[in-house]
Amino acid sequence: MWNKKRITDLLGIEYPIWQGPFGGGLSTVELTSTVSNMGGLGGFGAYTLSPQEIYEKDQQIRSQTKNPYNLNLWVSDTDYRDHEDTERKYKETVETFRPYFDRLGIEIPTLPPSFESRFQNQLQAVLDIKPKVFSFMFGLLDPDIVEECHKRGILLAGNATTLDEAIALENIGVDFIVASGFESGGHRPSFLDKAEFSTTGTFVLIQLIKDKVKIPVVAAGGIADGKGIAAALTLGAEAVQIGTAFLACEESGALPDHREALFSEASKNTRLSRAYTGRLGRGITTEILKDLSEKSIAHLPFPLQTTFMSPLRKAALEQGKNEMVFFWGGQIAPILKYKNASVLMESLIEETSKIFS
């Protein structure tokens, strides 16, 4: 049985299919609970939420599913260092982006305030609500946190973009490794080296990690149908994490224009850029992303760049100038077929079952 793996036994789920835990308001209670109710592992990205909001989301999810789900946070949620350095970068960023603000007829935003990490406060919420899976990105957990999570029955999944990151994660005692290939949409969760130098493809990364690491591997990036699932499992992954295909579903928190873009001809071309948030991420190559990719750009540290770009995104959407908007998306987007999460899950299960029958 293709769906019976160590991961399904440990989690008590029917199918080794994880839904990507999107941050920035793209996760929803409906999407998370739908995937979990259909035998997969729903995911909820909470790195932008306050502890109280995390408690509330957990209650809402648990009111709609009795099955396990994955709560995701960022260990490193800011690149802010000091005001002097940021002030210098702000002046350079203004010059880079001024033409786009002028084109939309809006003012350049002022320098965003400094950002204090939320992670330590969010951790207490995780320990209190005890999700079945706590996944984390952009770093390692302290040993005492790993021990405390395990004491409370919380299984840990760390995100790796390289073999060295996977080994580091296994060494601290995580239960699963999410092997995040460079095909993935959204942020690259690298933490041992620059993200630009950590661009191994999913199907190579699975094999590298599987050869050196004993704990179960979850393949993420470039998977959106049964063939992709079958390929990942054949190479040694024990589950897959699917992001872009679920992001395109009506249950996600993506704007209608974003979901439409994922099904459009534009989705054939994606690029990696730091322009949107200050951290490297993959999105659809709209006009602004193509323009910025062809020159050296200045940007503010994460997440101040997100705050700086927010008025531009808002104005572009209001004016119907989607060519000026960044839309997250992975390289697999051109093969997307389904706009409903239940239908997508049914298709994933049916297609994979046929291949392994």
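As the structure is a computational prediction, the values presented were derived from the model and not from experiment.

Undergrad: Looking at this structure, I do not really get empty space enclosed by the protein. What am I missing?
TA: Remark: the empty space left among the atoms is shown by a probe the size of a water molecule rolled over them. Taken as a whole and judged by the stated rule, the model has one cavity of 30 Å³ or more. Reported here for the largest cavity is a volume of approximately 60 Å³. Lining the largest cavity we find R271, S273, Y276, G281, G283, L289, F326, F327 and W328. Going through the elements one at a time, β10 (270-273) and β11 (281-284) are the ones with two or more residues in the lining of the largest cavity. Here the lining of the largest cavity is built from residues that sort into five nonpolar, three polar and one charged.

Undergrad: Help me out: how do you make sense of the pattern of salt bridges in this one?
TA: Where charged atoms from two side chains of opposite charge come close, those side chains can pair. Counted under the stated rule, the structure contains 18 salt bridges. Of the charged contacts, one joins D225 and K227 as a salt bridge, the two residues approaching to 3.4 Å between their closest N and O atoms. What makes D225 buried here is its relative accessible area of 15%. A relative accessible area of 57% means that K227 is categorised as exposed. In this structure, E318 and K314 form a salt bridge, with 2.6 Å as the shortest nitrogen-oxygen distance.

Undergrad: Is there a simple way to explain the sheet that holds β11 in this structure?
TA: Backbone-to-backbone hydrogen bonds pair the strands of a sheet. The strands run either parallel or antiparallel. Spatial strand order, β7-β11-β10: three strands in an open sheet with antiparallel pairing. Looking along the sheet, the strands with just one partner apiece sit at the ends: β7 (186-187) and β10.

Undergrad: What should I look at first to understand helix α8 (residues 202-212) in this one?
TA: Every α-helix winds through 3.6 residues per turn, so residues three or four apart in the chain are directed the same way. Of the residues making up α8, those classed as buried are T202, L205, I206 and I209. Within α8, the buried residues cover an arc of 105 degrees as seen down the axis, which keeps them to one side. Away from its buried face, by an angle of more than 90 degrees, α8 presents the exposed residues D211 and K212.

Undergrad: What should I look at first to understand the packing of aromatic side chains in this one?
TA: What describes a pair of aromatic rings is the distance from one ring centre to the other and the angle between the planes of the rings. All chains considered together, the criterion is met by 13 aromatic pairs. Between W18 and F176, the ring centres sit 5.7 Å apart and the planes meet at 90 degrees, which makes this aromatic pair edge-to-face. One end of the pair, W18, is in strand β1 (residues 17-19); the other, F176, is in strand β6 (residues 176-180), with 158 residues separating them in the sequence. Residues W18 and F176 agree in their burial class; the two are buried. Look at Y47 and W74: their rings are 3.7 Å apart centre to centre, the planes differ by 15 degrees, and that puts the pair in the stacked class. Linking Y47 in the loop between β2 (42-45) and α3 (51-64) with W74 in strand β3 (residues 69-74), this pair joins segments that are 27 residues apart in sequence. Like Y47, the residue W74 is buried in the burial classification.

What counts as what
Residues numbered from 1 in each chain as written. Predicted model: local features only at pLDDT ≥ 70, side-chain atom pairs only at ≥ 80, totals over all residues. Heavy atoms only, no water. 1 Å grid on protein atoms, 1.4 Å probe; cavity = no way out; pocket = protein on both sides within 12 Å on 5 of 7 lines; lining within 4 Å. Points joined across faces, edges and corners; volume = space filled by probe spheres on them. Helix = DSSP H or I, 4+ residues; strand = E, 2+ residues; numbered from the N terminus. Nonpolar A, V, L, I, M, F, W, Y, C, P; charged D, E, K, R; others polar. Salt bridge = Lys/Arg side-chain N within 4 Å of Asp/Glu carboxyl O. Buried < 20%, exposed > 50% of the residue type's maximum accessible area, 1.4 Å probe, protein only. Pairing = 2+ DSSP bridges. Arc of directions from axis to C-beta. Phe/Tyr/Trp six-rings, centres within 6.5 Å; stacked < 30°, edge-to-face > 60°.

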